[in-house]
Amino acid sequence: MSGRQRTLFQTWGSNVSRSTGAPSCNSGTERPQSTGISRARFPAVAEAAGAAEAEPESDDDVLLVAVYEAEKQLSLENGGFCTSAGALWIYPTNCPVRDYQLHIARTALFCNTLVCLPTGLGKTFIAAVVMYNFYRWFPSGKVVFMAPTKPLVTQQIEACYRVMGIRQSHMAEMTGSTQAFTRKEIWGSKRVLFLTPQVMVNDLSRGACPAAEIKCLVIDEAHKALGNYAYCQVVRELVKYTNHFRILALSATPGSDIKAVQQVITNLLIGQIELRSEDSPDILPYSHERRVEKIVVPLGEELAAIQKAYVQIALSLELLVLDLLILQSSVTS
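Residues numbered from 1 in each chain as written. Predicted model: local features only at pLDDT ≥ 70, side-chain atom pairs only at ≥ 80, totals over all residues. Heavy atoms only, no water.

## Here's the deal with the side chain of Asp220
For step 1, the next point in the chain: Note that Asp220 resides in the loop between β5 (214–219) and α9 (230–238).
For step 2, the next point in the chain: Here the side chain of Asp220 touches Gln156 through a polar contact of 3.4 Å, side chain to side chain.
For step 3, the next point in the chain: Here Asp220 is in contact with Phe145, Met146, Ala147, Pro148, Leu152, Gln156, Tyr231 and Leu250, once residues within four sequence places are set aside. (Helix = DSSP H or I, 4+ residues; strand = E, 2+ residues; numbered from the N terminus. Polar contact = N/O pair within 3.5 Å; in protein donor to acceptor, adjacent residues only side chain to side chain. Contact = heavy atoms within 4.5 Å.)

In structure tokens:
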């Protein structure tokens with residue numbers, strides 16, 4: 001990380017108290033000197049670590065579970081932020097690195113960001129990177145991805161798993177067809193949730209959603225955040241419980257005019273806009289020339305019959321109107 005980059009913990013400053021036993025969070029490129037976990041700070045982890053030493057064949061997952069449970073029990077004063085994990089952020093290099101994606105992902109980690117990219121240029125990839133880092137930084141927090149339709153919800157959960165490999169056992173998809181009691185159980189047991197905004201509004205109003213535990217909120221098709229749309233309701237409800245969460249808004253078309261864009265910015269608490277068009281210098285190498293091919297599809301028998309009936313009705317109405325006009329003119333004369 002460069003000297004100018006700051007973790008979310010550092011951004012909050014004095015509002016978040018740092019424990020003396022916790023490892024420091026460096027703002028430079030230097031990583032924490034020890035990647036271990038302080039046993040004095042996490043007694044439950046110390047017991048798990050001792051058991052692991054006594055039984056070398058124990059699965060590493062036992063230690064991970066112990067860390068998760070210890071943090072839940074201790075209710076960390078810094079809002080659940082792990083200073084060891086937060087000393088750095090992770091960006092995947094197992095696929096070609098695009099400079100604009102790297103830049104936008106870095107920005108979105110430290111500021112509520114509206115990302116406007118043409119379709120097919122990696123908005124979901126950026127979202128997956130941001131979600132994974134908050135998933136790491138807040139081991140007991142929740143990460144939420146909202147999309148307006150069920151197909152988009154399903155598409156995004158698959159894409160995020162492919163990009164960053166978040167454990168599937170920690171992810172869940174929820175739509176209106178998911179029973180309310182089942183959703184409450186999912187909120188308690190899963191950490192990365194993919195759902196429609198209407199479901200989120202309902203769960204917030206019922207108290208099923210642990211609003212204070214949400215640390216990252218990703219909003220797809222963000223241009224819909226106008227008026228009293230469900231996206232706006234979700235954000236308004238969340239700020240009643242906590243201000244310590246990040247918002248990442250995604251859209252290919254942020255708005256039809258300046259007024260609409262400003263509404264989206266205001267409703268989603270946006271602090272930074274990352275806008276690219278197909279003509280942007282850092283996008284051009286990845287924008288492929290479009291070839292438009294016009295294909296005329298003939299009507300089937302059923303549609304042809306409907307078209308014929310529609311035309312006959314239109315002609316009949318036109319003749320009726322003409323007859324009425326002639327009758328009216330003859331009466332007045």
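Having seen it, we continue.
## Remarks on the pattern of salt bridges
For step 1, the next point in the chain: With the rule as written, the count across this model stands at five salt bridges.
For step 2, the next point in the chain: A salt bridge links Asp203 to Arg206, with the shortest nitrogen-to-oxygen separation between them at 3.8 Å. Residue Asp203 and its partner Arg206 are located together in helix α8 (residues 197–206), separated by three residues, close to a single helical turn.
For step 3, the next point in the chain: Judged by its relative accessible area of 54%, Arg206 falls in the exposed class.
For step 4, the next point in the chain: Asp282 is paired through a salt bridge with Arg276; the nearest N and O atoms lie 2.9 Å apart.
For step 5, the next point in the chain: Arg276 sits in the buried class, given a relative accessible area of 13%.
For step 6, the next point in the chain: Within this structure, Arg183, Asp203 and Arg206 form a network of salt bridges that share partners. (Salt bridge = Lys/Arg side-chain N within 4 Å of Asp/Glu carboxyl O. Buried < 20%, exposed > 50% of the residue type's maximum accessible area, 1.4 Å probe, protein only.)

## Overview of the pairing of β5
For step 1, the next point in the chain: Within β5, six of the six residues are buried, which leaves it mostly tucked inside the rest of the structure.
For step 2, the next point in the chain: Pairing between strand β2 (residues 142–146) and β5: five bridges, direction parallel. In the strand pairing of β5, Met146 is matched with Ile219.
For step 3, the next point in the chain: Relative to strand β6 (residues 246–251), β5 runs parallel, the two being bridged by four bridges. Note that in β6 the partner of Leu217 across the bridge is Ile247. (Pairing = 2+ DSSP bridges.)

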